[in-house]
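So you can see what is in the structure, the chains are spelled out below.
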Amino acid sequence: IAPGAREPLRAWLVSFEGADAHFALEATTGWRFVVEELARAGCTPHLGDPAEISARRGPKHRAKTDRADCEHMTALLLEARLPECWIPHPTSWKPGPLSRLRKALVEERREWMQRIQAQLYHQGAPAAKGMATAAGRARIIDTELSPAGRRVLAVGLAALEHIQAEVSTLDRDLAVFARHQPGCRALRTLYGIGPITSVAILTELGDCRRFSSSDHAVRYAGLDVTVYESNDRRAPGHLSRQGPEVLR
């Protein structure tokens, strides 16, 4: 899927309008706009799991080309053996990137806090407390540091200010979405789930009716414990962590 391919794809799909065509594609970067254009043209998209598709190709050493991949996916689709991924409803796509962006900003904020704490520690200064708040950041401005350490502190505090402003804006936008979304309102009746968490669960988990049991939902989130057993040996399990990181 090449960058900027939406317009050429839209022009190419004109010939398929009303043909009830089925298309198989891998869940690689950029699949969303391809699915959107296929649906707009009246076609049925089938989103395949790249790892499962590769596994069903087998361990034989054969030439791997784009044409060979296409023929392999076409055969799987015709045989009803294509390992399909869930395609979320278009209405849930909008807040999804915002929820992931918020998570990325929160992680970046934590990294800057750790970097500032390390700089204070290296220079024998007291540890900073409450850097997530404006009052906490103001308390460490006058800390006695070397010129290089003060530069690190100034850059770090400026980055924290900017990140906090962006996170606050995202929180307001996500809270507005949560108030108007019935699914989010239902989730918020559960203990410990607020507007931000409800949006993350709704956009990443989707319609829970697609799971036949709660165990399948846990496995989709990557919260299931892996098991590796051979003969009398059983390795200690750990979380598989396969699935949406934001959902976990």
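Everything below is about the structure printed above this text.
Everything numeric in this text was worked out from a predicted model, so none of it was measured.

Participant: So what exactly am I meant to see when it comes to the pairing of strand E1 (residues 22-26) here?
Facilitator: Every second residue of E1 is oriented toward a common face, the buried set being Phe23 and Leu25 and the non-buried set His22, Ala24 and Glu26. Pairing of E1 with strand E2 (residues 44-48), which is carried by five bridges, proceeds in the parallel orientation. Note on E2: the bridge partner recorded for His22 is Thr44. Once the chain exits E1 it traverses helix H2 (residues 31-40) before rejoining the sheet at E2, and the crossover so formed is right-handed.

Participant: Could you clarify how one ought to interpret the pattern of salt bridges in this entry?
Facilitator: Side chains that differ in sign of charge can pair as their charged atoms come close. Under the definition given, this model contains 13 salt bridges. Glu7 serves as the salt-bridge partner of Arg10, at 3.7 Å between the closest nitrogen and oxygen. One end of the pair, Arg10, and the other, Glu7, are both in helix H1 (residues 6-12), three residues apart, so they sit about a helical turn from each other. By relative accessible area, which is 29% here, Arg10 ends up partly exposed. The residue Glu245 makes a salt bridge to Lys103 at a minimum N-O spacing of 3.2 Å. Remark: Lys103 occurs in helix H5 (residues 95-122) and Glu245 occurs in the segment after strand E4 (233-235); sequence separation between them is 142 residues. Residue classification places Glu245 among the partly exposed residues on the basis of a relative accessible area of 49%. Salt bridges sharing partners connect three or more residues here, namely Arg6, Glu7, Arg10, Glu36, Glu37 and Arg40.

Participant: Just to check I follow, could you spell out a nonpolar patch on the surface for this structure?
Facilitator: Residues Val218, Leu223, Val225 and Leu239 make up a contiguous nonpolar surface patch of roughly 300 Å² in combined accessible area. Summarising the element assignment, Leu223 is placed in the loop between helix H10 (214-221) and strand E3 (228-230). Residue Leu223 is classed as partly exposed on the basis of its relative accessible area, which comes to 39%.

Participant: Please clarify how helix H9 (residues 195-205) should be interpreted in this entry.
Facilitator: Most of H9 is tucked away, with eight of its 11 residues classed as buried. For H9, the full list of buried residues reads Ser198, Val199, Ala200, Ile201, Leu202, Thr203, Glu204 and Leu205. Where H9 is buried, its residues contact H5, helix H7 (147-180), helix H8 (182-187) and H10. Of the residues one or two after H9, Gly206 is the one with positive phi, at around 75°.

Participant: Which parts of the structure should I look at to understand the nonpolar core?
Facilitator: Proteins that are soluble and globular tend to have nonpolar side chains buried together. By size, the foremost hydrophobic cluster in this structure holds 17 residues, and its most contacted members are Ile116, Leu120, Met131, Ile140, Leu153, Leu157 and Leu160. Residue assignment for this core shows that the elements contributing at least two residues are H5 and H7. Ranked by residues supplied to this core, first place goes to H7 with seven residues. If sequence neighbours within four positions are ignored, Leu153 has contacts with Ile116, Ile140, Ile141 and Leu145.

Participant: Explain the packing of aromatic side chains to me, please; I cannot follow it from the model alone.
Facilitator: Given two aromatic rings, one states the distance between the centres and the angle between the planes to describe the pair. Across all of its chains, the model carries four aromatic pairs by this definition. Both rings, one in Trp12 and one in Phe23, keep their centres 6.0 Å apart while their planes meet at 75°; by these two values the pair is edge-to-face. Pair noted here: Trp12 is in helix H1 and Phe23 is in strand E1, with a separation of 11 residues, a long-range link. Judged by centre distance (5.2 Å) and plane angle (75°), the ring pair of Phe16 and Phe23 falls under edge-to-face. An aromatic cluster of three or more residues is present, and its members are Trp12, Phe16 and Phe23. The ring of Trp112 carries the charged tip of Arg115 above its face, separated from the ring centre by 4.4 Å.

Conventions adopted
Residues numbered from 1 in each chain as written. Predicted model: local features only at pLDDT ≥ 70, side-chain atom pairs only at ≥ 80, totals over all residues. Heavy atoms only, no water. Buried < 20%, exposed > 50% of the residue type's maximum accessible area, 1.4 Å probe, protein only. Helix = DSSP H or I, 4+ residues; strand = E, 2+ residues; numbered from the N terminus. Pairing = 2+ DSSP bridges. Right-handed = clockwise from strand over helix to strand, strands pointing away. Salt bridge = Lys/Arg side-chain N within 4 Å of Asp/Glu carboxyl O. Patch = residues over 30% accessible without salt bridge, like charges linked within 9 Å, V, L, I, M, F, W, Y side chains within 5 Å. Areas by Shrake-Rupley, 256 points an atom, 1.4 Å probe, with all protein chains shown as cover. Contact = heavy atoms within 4.5 Å. Core = buried A, V, L, I, M, F, W, Y, C linked by side-chain atoms within 4.5 Å. Phe/Tyr/Trp six-rings, centres within 6.5 Å; stacked < 30°, edge-to-face > 60°. Lys NZ or Arg CZ within 6 Å of the ring centre and 35° of its normal.

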